[in-house]
Amino acid sequence: MELRHLRYFVAVARHLSFTAAAESLGIAQPPLSQQIRDLEAEVGTALFERTTRRVSLTRAGVDFHAQALDILERSGEAVERARAIGTGIAGIVNVGLTGSMLAGPLGRAIRDFAMIYPDVDLRIHEMSPDRQISMLKAGQTDVSFLRSPPPDVDLVSERAWCETVTLVLPRGHRLARRGAIDLADLDREPFVFLRLSDSLFAKHLWQCCVNAGFVPNITHQVVEAASLTSLVAAGLGIAIIPEFVARLAHADVVYKPVSGQPIRADVYALWSREKSGPSIRNFLDVLRSTTIANIRNDV
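Since this is a predicted model, take the numbers as computed values, not measurements. (Residues numbered from 1 in each chain as written. Predicted model: local features only at pLDDT ≥ 70, side-chain atom pairs only at ≥ 80, totals over all residues. Heavy atoms only, no water.)

## Structural notes on the sheet that holds strand S3 (residues 91-97)
Line of reasoning, step 1. If you trace the 5 strands from one edge of the open sheet to the other, you get S4-S3-S5-S12-S6, paired in mixed fashion. With one partner strand each, in any of the chains shown, strand S4 (120-126) and strand S6 (155-161) form the two edges of the open sheet. Across the sheet, the axes of successive neighbouring strands diverge by a mean angle of 25°, strand direction being ignored.
Line of reasoning, step 2. Bridge count for S3 against S4 is 7 bridges, and the pairing is parallel. Opposite leucine 97, over in S4, you have glutamate 126 as the bridge partner.
Line of reasoning, step 3. Strands in contact with helix H6 (residues 129-137) are S3, strand S5 (143-147), S6 and strand S12 (267-272); relative to S5, the strand with the most contacts, it is inclined by about 150°. (Pairing = 2+ DSSP bridges. Helix = DSSP H or I, 4+ residues; strand = E, 2+ residues; numbered from the N terminus. Axes fitted to C-alpha atoms, helices over the stretch in contact; angles between N-to-C directions. Contact = heavy atoms within 4.5 Å.)

## Structural notes on the confidence of the model for the chain
Line of reasoning, step 1. Averaged over all residues, the pLDDT of the chain is 89; the fraction at 70 or higher stands at 97%.
Line of reasoning, step 2. Least confident of the elements in the chain is helix H9 (residues 278-298), whose mean pLDDT is 76; most confident is strand S8 (residues 190-194), at 96.
Line of reasoning, step 3. For the stretch residues 295-299, pLDDT sits under 50, and the model shows 2 contacts to residues farther than four places along the chain or on other chains. (pLDDT = per-residue confidence, 0-100.)

## Quick word on the sheet that holds strand S7 (residues 165-170)
Line of reasoning, step 1. Spatially, 3 strands are ordered S10-S7-S11 in an open sheet, and the strand pairing comes out antiparallel. The two strands at the open ends of the sheet, each matched to only one other strand, are strand S10 (239-242) and strand S11 (253-257). When strand polarity is set aside, the average angle formed by the axes of neighbouring strands in this sheet is 40°.
Line of reasoning, step 2. Strand direction decides the pairing type here: S7 and S10, joined by 4 bridges, are antiparallel. Residue pairing in the sheet places valine 165 in a bridge with proline 242 of S10.
Line of reasoning, step 3. Packed onto the sheet, helix H8 (residues 225-233) meets S7, S10 and S11 and runs at close to 145° relative to S10.

## Observations concerning the side chain of asparagine 282
Line of reasoning, step 1. Here asparagine 282 shows up in helix H9.
Line of reasoning, step 2. Apart from residues lying up to four places away in sequence, asparagine 282 is in contact with Thr87, Gly88, Ile89, Phe113 and Tyr117.

In structure tokens, the structure reads:
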């Protein structure tokens, strides 16, 4: 059974006239009558009672008419939904990230995207950096945000925004009154750190300390950069955190810039080279616009 059979049937049921129905459909009456006979043969029962004077629906025809209207309505909705998804104005976008990413431009980009594309369901998935890569490659997320992303031929990487790092010290620390602090001055200090086992960015920070002349004495490791500030406030060590995370101020700590060459903490958007649909492209376009606006506002 084809949808055109249902449309022909509904037209005859509406007009209760094969002649009028044929005119409304823009076809000749004999082919329409044949299509209805074919439909009745396929259904296995008469849908219309025909006399020389009138056409009416049978009991089966009345029920079939209701079902046909519902099917045609749902098929129309399915077509519109498919078109919307095809153009990126509807659908689902799964975003992998660590929660601290929302402290930067990404939080505003998500809000802007929701306003521009209200029919797209944007779902946030918090996870460690290494899990983000595996989920992205498995197709369980559509785009992820990482610092120091690993090289991968299957993934596209684009810098989403620029960022540097900031030092976090307890408010009563011996260096708390200084301006900028050289990393070399932090030798022998206890550090709280991002977890080295699943973060290339954490390994990058560790290497920066080594390049400054010391191996950091790491007492605690966490997944979330935002958690480091709380550990510093609790007196468990000092930390190196991305600058946007430092904007989430805490009363018991102080934030200090690193002297010398800035340590980069740029954030990259990653997505599959083979699976980037319209909704993902629209989301990335909104992110680019938001990042540009954020830079202008900061300047």
